[in-house]
Amino acid sequence: MFMILSSSSLLFSFFLFLLFLPTSYCLTKPANATRRHRLLSIDYYAHSCPQLEQLVASATAQQFKESPISGPATIRLFFHDCFVEGCDGSILIQSKPGSGVLAEKDAYDNRYLAAEAFESIRKAKALVESKCPGVVSCADILVIAARDFVHLAGGPYYQVKKGRWDGRISKADRVNSNLPRANSTVDELIKLFKSKGLTMEDLVVLSGAHTIGFAHCEHFVNRLYNYGGTKQPDPAIDPRLLKALKMSCPQFGGNSDIVTPFDVSTPFTFDNAYYGNLESKLGLLATDQALFLDQRTKPVVQAMGKDKQKFFQEFAAAMEKMGSIGVKRGRRHGEKRKDCGIHMS
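Everything quoted here is computed from the prediction, not taken from an experiment.

A.B. asks: Describe the overall build of the protein chain, listing the residues and the values that go with them.
C.D. replies: A tally of helices and strands in the protein chain yields 14 helices and 4 strands. Total accessible area computed for the protein chain in this model is approximately 15600 Å², and 55% of it derives from carbon and sulfur atoms.

Structure (structure tokens):
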């Protein structure tokens, strides 16, 4: 989970960074995958909005400068969008007052989606609309922005295929069953990703997005005090990390606003340190550490940890693959919203 940072959170993140600073420092495709890819193309807006990527890049660069948390927050927003109803911008829709139906963004499982992520898309959309009114979907802007933030944080720059329309459906009650839990088993994760047309390897590679971002205590506190109902800490946590986390996350009555970085070694840089952390028992969530403990996913973790460029290549490919989930096309199935938070009709 990627979270908004408070001043106390930043201090704790910096403490963890110093604690785990390296001593060398001075301080399988689904049957319809081919069809989906044919719906999208890199040059989809080549004639209708040729400056699209530059416009979005301008907005994301400024947002990242003003609020770096926008990076991991928007990447997470993209993931939550694609896994529920497909990559159609349905996560951006605001609940309609008085309708009695909550939109995706107001689902309980989306309660920690950072405001900065939605603001990033709002600003990018407004800039694009000023130059290319009614042309570019919010869904495509979200995909481009997620790529831009990966790159701004030090990760790979890759081409983004476009041509998505915005979805007409956004319901909170469709969220829970389509997102992983912080304590999901590897079997559950593999099954969920497979249902989206993603492989076990994609699961491990996309989890590498946890190289940046933050989680609230509630998502891992049981690992610190009562793992699996044992009333003992998870033995798969490094003792130093366990001690540091307990300082900020008491078993009861802690500050619900406190967040902790997924990657304790390079928390603000998109790299492959996340995988090395798992090998050193420094994974934050149970689902993170489980990827190294499970013999099916462990080899992929090790391979990504050894070769940053390989991770970057695989991550770019996995993001493209995820970006093809549930793509909507045409007025029968979608719309082109002018305001990403409001349906056209």
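A.B. asks: How would you summarise the nonpolar core if you had to cite specific residues and measurements?
C.D. replies: Residues Leu-77, Phe-78, Phe-83, Phe-315 and Met-322 are the most contacted members of the largest nonpolar core, which totals 75 residues. Discounting chain neighbours no more than four positions away, the residues touching Leu-77 are Ile-91, Leu-92, Leu-113, Ala-117, Phe-118, Ile-121 and Leu-142. Residues Cys-217, Leu-224, Leu-241 and Phe-262 belong to the second largest nonpolar core, which totals 18 residues.

A.B. asks: Break down the state of the cysteines for me, with residues and values.
C.D. replies: Counted under the stated rule, the structure contains 4 disulfides. Across the disulfide, Cys-49 is cross-linked to Cys-132 (sulfur-sulfur distance 2.1 Å). Since a negative S-S torsion denotes a left-handed disulfide, the Cys-49-Cys-132 link at about 75° is right-handed. Here the residue Cys-49 occupies a position in the loop between α2 (33–39) and α3 (52–66), and Cys-132 occupies one in the loop between α5 (115–131) and α6 (138–152), the gap between them amounting to 83 residues. Classification of Cys-132 by relative accessible area gives buried; the value is 3%. Here Cys-82 engages in a disulfide with Cys-87; their sulfurs sit 2.0 Å apart. Looking down the S-S bond of the Cys-82 and Cys-87 bridge, the torsion is 120°, so its handedness is right-handed.

A.B. asks: Outline the packing of aromatic side chains, supporting the account with residue identities and numerical values.
C.D. replies: All told, the structure shown has 13 aromatic pairs when counted by the stated rule. Taken together, a centroid distance of 5.9 Å and an interplanar angle of 5° make the contact between Phe-270 and Phe-311 stacked. Of this pair, Phe-270 sits in the loop between β3 (259–261) and α11 (273–279) while Phe-311 sits in helix α14 (residues 308–322), placing them 41 residues apart in sequence. The class for Phe-270 is buried, based on a relative accessible area of 1%. With centroids separated by 5.0 Å and ring planes inclined at 80°, the aromatic side chains of Tyr-274 and Tyr-275 adopt a geometry described as edge-to-face. This pair shows no difference in class: Tyr-274 is buried, exactly as Tyr-275 is. Each residue in the set Phe-270, Tyr-274, Tyr-275, Phe-311, Phe-312 and Phe-315 is aromatic and connected to the rest through ring pairs, giving one cluster. A cation over an aromatic ring shows up here: Lys-105 above the ring of Phe-118, its NZ or CZ 4.2 Å from the ring centre. Its end group placed over the ring of Tyr-108, Arg-111 keeps NZ or CZ at 3.7 Å from the ring centre.

A.B. asks: Kindly report on the packing of helix α8 (residues 200–207) against α14, identifying the contributing residues and their values.
C.D. replies: At a minimum axis separation of 9 Å, α8 and α14 run at an interaxial angle of 110°. As summarised for this structure, α8 and α14 are arranged roughly perpendicular, according to the angle between their axes. The two elements α8 and α14 cross, and the hand of that crossing is left-handed. Of α14, the residues touching α8 (which contributes Asp-202, Val-205 and Leu-206) are Phe-311, Glu-314, Phe-315, Ala-318, Met-319, Lys-321 and Met-322. Grouping the amino acids of the contact of α8 with α14 by side-chain chemistry returns 7 nonpolar, no polar and 3 charged.

A.B. asks: Lay out the pattern of salt bridges in plain terms, naming residues and giving numbers.
C.D. replies: Counting across every chain of the model gives 20 salt bridges. Of the charged contacts in the structure, one is a salt bridge between Glu-53 and Lys-162, with a shortest N-O distance of 2.8 Å. Pair noted here: Glu-53 is in helix α3 and Lys-162 is in the loop between α6 and β1 (166–167), with a separation of 109 residues, a long-range link. Arg-240 is the partner of Asp-238 in a salt bridge, and the nearest nitrogen-oxygen pair spans 3.2 Å. If you follow the salt bridges from partner to partner, you end up with Glu-53, Arg-147, Asp-148 and Lys-162 in one network.

A.B. asks: Provide a residue-level description of α14, including the pertinent values.
C.D. replies: The terminal C-alpha atoms of α14, which comprises 15 residues, lie 20 Å apart, in line with the 21 Å expected from a rise of 1.5 Å per residue. Those residues of α14 that are buried lie in contact with α4 (70–83), α6, α8, α11 and α13 (298–306). At the N-terminal end of α14, a side-chain oxygen is found 3.1 Å from the backbone nitrogen of Gln-309, two or three residues along, and the residue is Asp-307.

The rules behind these values
- Residues numbered from 1 in each chain as written.
- Predicted model: local features only at pLDDT ≥ 70, side-chain atom pairs only at ≥ 80, totals over all residues.
- Heavy atoms only, no water.
- Helix = DSSP H or I, 4+ residues; strand = E, 2+ residues; numbered from the N terminus.
- Areas by Shrake-Rupley, 256 points an atom, 1.4 Å probe, with all protein chains shown as cover.
- Core = buried A, V, L, I, M, F, W, Y, C linked by side-chain atoms within 4.5 Å.
- Buried < 20%, exposed > 50% of the residue type's maximum accessible area, 1.4 Å probe, protein only.
- Contact = heavy atoms within 4.5 Å.
- Disulfide = S-S within 2.5 Å.
- Phe/Tyr/Trp six-rings, centres within 6.5 Å; stacked < 30°, edge-to-face > 60°.
- Lys NZ or Arg CZ within 6 Å of the ring centre and 35° of its normal.
- Axes fitted to C-alpha atoms, helices over the stretch in contact; angles between N-to-C directions.
- Parallel < 35°, antiparallel > 145°, perpendicular 65-115°, else oblique.
- Left-handed = near helix turned anticlockwise from the far one by under 90°.
- Nonpolar A, V, L, I, M, F, W, Y, C, P; charged D, E, K, R; others polar.
- Salt bridge = Lys/Arg side-chain N within 4 Å of Asp/Glu carboxyl O.
- Expected span 1.5 Å × (residues − 1).
- Polar contact = N/O pair within 3.5 Å; in protein donor to acceptor, adjacent residues only side chain to side chain.

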